[in-house]
There are 2 protein chains.
Amino acid sequence: MAIWLDAAAPDFEERFKALLSTKREVSADVGTVVDAIIDDVRERGDTALAAYSKRFDEVDFDEPATPMKVSEGEVAQAFSEVDPKVVEALKVAEARIRSHHARQLPENDFYKDEIGVGLGHRWTAVEAVGLYVPGGTASYPSSVLMNAVPASVAGVERIVMVVPAMKGKVNPAVLAAAQIAGVSEIYRIGGAQAVAALAHGTESIKPVSKIVGPGNAYVAAAKRAVFGTVGIDMIAGPSEVLIIADGENNPDWIAADLLAQAEHDTAAQSILITTDKSLGKAVEEAVERQLKTLPRGEIAGASWRDYGAIITVPDIETAMPLANRIAPEHLELAVDDPDALIPKVRNAGAIFAGHYTPEAIGDYVGGSNHVLPTARSARFSSGLTVLDFMKRTSILRLGPEQLNRLAPPAIELAECEGLGAHARSVSIRLNRKE
Amino acid sequence: MAIWLDAAAPDFEERFKALLSTKREVSADVGTVVDAIIDDVRERGDTALAAYSKRFDEVDFDEPATPMKVSEGEVAQAFSEVDPKVVEALKVAEARIRSHHARQLPENDFYKDEIGVGLGHRWTAVEAVGLYVPGGTASYPSSVLMNAVPASVAGVERIVMVVPAMKGKVNPAVLAAAQIAGVSEIYRIGGAQAVAALAHGTESIKPVSKIVGPGNAYVAAAKRAVFGTVGIDMIAGPSEVLIIADGENNPDWIAADLLAQAEHDTAAQSILITTDKSLGKAVEEAVERQLKTLPRGEIAGASWRDYGAIITVPDIETAMPLANRIAPEHLELAVDDPDALIPKVRNAGAIFAGHYTPEAIGDYVGGSNHVLPTARSARFSSGLTVLDFMKRTSILRLGPEQLNRLAPPAIELAECEGLGAHARSVSIRLNRKE
């Protein structure tokens, strides 16, 4: 049973605040362990990687079948192990993701302003990117596509994937997805040690400049620790969906969408805001009914019970500021005219508009990216795009005339800041006496 | 005396690698102290801020002249304390920065693809941003402009500045810059405690969603710690300039530019790559000569002695891959035809093109941003732009026809990933039996 909140009730603000501040994930304090692993990999390189992989993943890189680097043969073999329909689906997804992300390629710019100063910028791709893929049940081929394709579109030359392989076995669908998306190198390593290897390099693995992809608490702490040496994407937290629905909805559809979020993780959160209390009741019943036949019913049930919420509002407009305070990763607008609500969305990772856009479509084949800001971080960050794999160099160009014109305020500010050499580097070009 | 490297020498690769990996900054291990301060501010709020400010900045918020929040009166007073020429220069700089950054405002997008799926995105401003300004000699009014103006252009409603005030006094030029740039609130606090207050809020300070601006090791560690709760900009490291010069240069100009970088900090780095050994010699002599008359000669001299370098190359093309490996924050192209070299620049924060664009112009009045990636991070990150104060919400919209078309691959992938509720949220809309 999810909790119920009524936006018209006197205690609503208090209860809504409590909902917002619910801590859904205890971040384990793994900093010390992770720092030691990173230091060890920097010092012992491949030897450290082999030791950790033996200990944590029960894999021996000395065995011919499971070397650290995944061979082309193993990738080819993976295609024969994956259902051809899945391979076909991965190709459909890849093509749609690629074509949508190609629109994100930025333009260079250069112009002269009214006094003739040239200003501009050029975009270039990051040269090498590391992609972390979790092991076990969270080893999702779709996430490989969502991270690797934007990097490929950006023009990244080396896309290096790492994936922990319990007893040496990598999920073949993950290998197929990597090949389809254009990953260039794959290593059978995981955990903080894999992040350290990507950031600092070892004898076998050349370092990368940026690391992306989700992982457990150790991976997250390692990414935080190497941030600065390399770039990182956001630290992914537990996932969430918010559905805004008027009375004209099929409760079974809404329930299915809430559960699709909840089945990810017991720390996932599914929230429904509706103008219609009876719809809320019907959705709640449908959730209970659907839970019974769900393979991951236990996980989804725990998430719904612990963090699920149904909020009733007097009208749909009232829902929007609440949605912006929740700042959900996924926002479904289950109304006939979503276009009327979209301009009112301030904080959300992605909007799924109308009755026929279940969030799961966006997870796989919509074409947009499913790597989105979690845990209220849509207040300040965005989903993954091609720009995350590029960087921008600004360009400034003055001639003698522009320098003469801008020298006085530049010298004034340099002197006010006590930076005499700054002032001189400008004045010396004016042939002035210092 | 800076070190000399010759790209044609047999030991060059080894010596160049050593130059690249020189550690210029010892990052103090302040994590534990910072974590305790953050916890304390979360717990005691304003009381903790007052206590730390008394201890570290010798300021008493109970004194009427130095409340925690800087009053409008104090800001007005600051304008009367600052040289009117400096105020004028700040206004010139602000207008140029604003007009250049206005070009960075991104466009929304929405289109239908060939099967009628609607895809797009909308950009919105971060609602509240915190701007950290260091105290003491590093309290630069130009940095206030460079951080606050892009936020203002982006449409950020609350721009909250914090600045430590030794004995209560804030640099009046910093206050004037804040007012000119559109800062909305100013607090007389600094250090890890100020970062904690911005991230988590106190009784007097409403929390922000993103924190930008440079600071010492404590501020950097605090930003790293609150990353996730709020967004942060990059962690600024020691600054650097690389000048690529052919033989046709005035050695005094080049020397002035090298020293303008070196005077920032003993950990700053100034490198010259030249095709002309005799120019290198002349620059070296000019550096020694100019150092004698420089107010911050001691700092600049230490930086040049410890980290300065002159690299000779057989031709200008050889310089470019070296520049990309250095990935400098600032790259000056001191040649007659910089346009021929610009397309070969892969990793650099900003390019200053031609003989009349000393880097110092970009620090103040060029119009481009002076917050740039340091310490080789131009390999994966970019200078500050308006986009750093905005976020992007993606939009996906399918009708029944598009859902029917994309359902099979979506269901295939959901099932392959073991996510039954994902599959059901799609199939249920097709009125299929589960």
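What you are looking at is a predicted structure, and each value in this text was computed from that prediction instead of being measured. (Residues numbered from 1 in each chain as written. Chains lettered and ligands numbered in written order. Predicted model: local features only at pLDDT ≥ 70, side-chain atom pairs only at ≥ 80, totals over all residues. Heavy atoms only, no water.)

K.L.:
Describe the interface of chain B and chain A, listing the residues and the values that go with them.
P.N.:
Taken together, the contact between chain B and chain A spans 122 residues of the former and 122 residues of the latter. For the pair chain B and chain A, the summed buried surface comes to about 10400 Å²; carbon and sulfur atoms form 57% of the total. The largest contributions to the chain B side of the interface with chain A come from Arg346, Phe380 and Arg429 of chain B, which together make up 8% of the buried area. Seen at the junction of chain B and chain A, the total is 10 salt bridges. The salt bridge partner of Arg346 of chain A is Glu157 of chain B, with a shortest N-O separation of 2.9 Å. The element best represented in the side of chain B that touches chain A is helix H15 (residues 400-416) of chain B, accounting for 9 residues. Of the residues contributing to the side of chain B that touches chain A, the split by class is 61 nonpolar, 31 polar and 30 charged. Sheet topology places strand S13 (residues 350-353) of chain A next to strand S14 (residues 390-397) of chain B; 4 bridges connect them, and they run parallel. Following the sheet pairing, Ala353 of chain A is matched in S14 of chain B by Arg397 of chain B. (Contact = heavy atoms within 4.5 Å. Buried area = accessible area lost by both parts, 1.4 Å probe. Salt bridge = Lys/Arg side-chain N within 4 Å of Asp/Glu carboxyl O. Helix = DSSP H or I, 4+ residues; strand = E, 2+ residues; numbered from the N terminus. Nonpolar A, V, L, I, M, F, W, Y, C, P; charged D, E, K, R; others polar. Pairing = 2+ DSSP bridges.)

K.L.:
Give me the UniProt feature "binding site: substrate" (unreviewed entry) in chain A: which residues, what numbers.
P.N.:
In this numbering, the UniProt entry assigns the feature "binding site: substrate" (unreviewed entry) to Ser239, Gln261, His264, His330, Asp363, Glu417 and His422 of chain A. Taking the farthest pair of C-alpha atoms as the criterion, the annotated set spanning 184 residues is dispersed, since that pair is 55.5 Å apart. Along the chain, Asp363 of chain A turns up in helix H14 (residues 359-364). Looking at Asp363 of chain A, the relative accessible area reads 8%, which means it is buried. Excluding anything up to four places from it in sequence, Asp363 of chain A contacts Ser142, Met146, His264, His330 and His370 of chain A together with His422 of chain B. Mapped onto the elements of the fold, His422 of chain A is located in helix H16 (residues 420-427). With residues near it in sequence (within four places) discarded, His422 of chain A still touches Ala414 of chain A together with Ala260, Glu263, His264, Glu359, Ala360, Asp363 and Tyr364 of chain B. (UniProt positions renumbered as here; feature names shortened; annotations may be inferred. Buried < 20%, exposed > 50% of the residue type's maximum accessible area, 1.4 Å probe, protein only.)

K.L.:
Talk me through the UniProt feature "binding site: Zn(2+)" (unreviewed entry) in chain A; I want residue IDs and the actual numbers.
P.N.:
All names here are of chain A. Mapped onto this numbering, the UniProt entry annotates "binding site: Zn(2+)" (unreviewed entry) at Gln261, His264, Asp363 and His422. These annotated residues cover 162 residues of sequence, and their C-alpha atoms sit far apart, with the largest distance between any two at 55.5 Å. In this structure, Gln261 sits in helix H10 (residues 251-262). Classification of Gln261 as buried rests on a relative accessible area of 1%. A polar atom in the side chain of Gln261 sits 2.5 Å from the side chain of Ser239. (Polar contact = N/O pair within 3.5 Å; in protein donor to acceptor, adjacent residues only side chain to side chain.)

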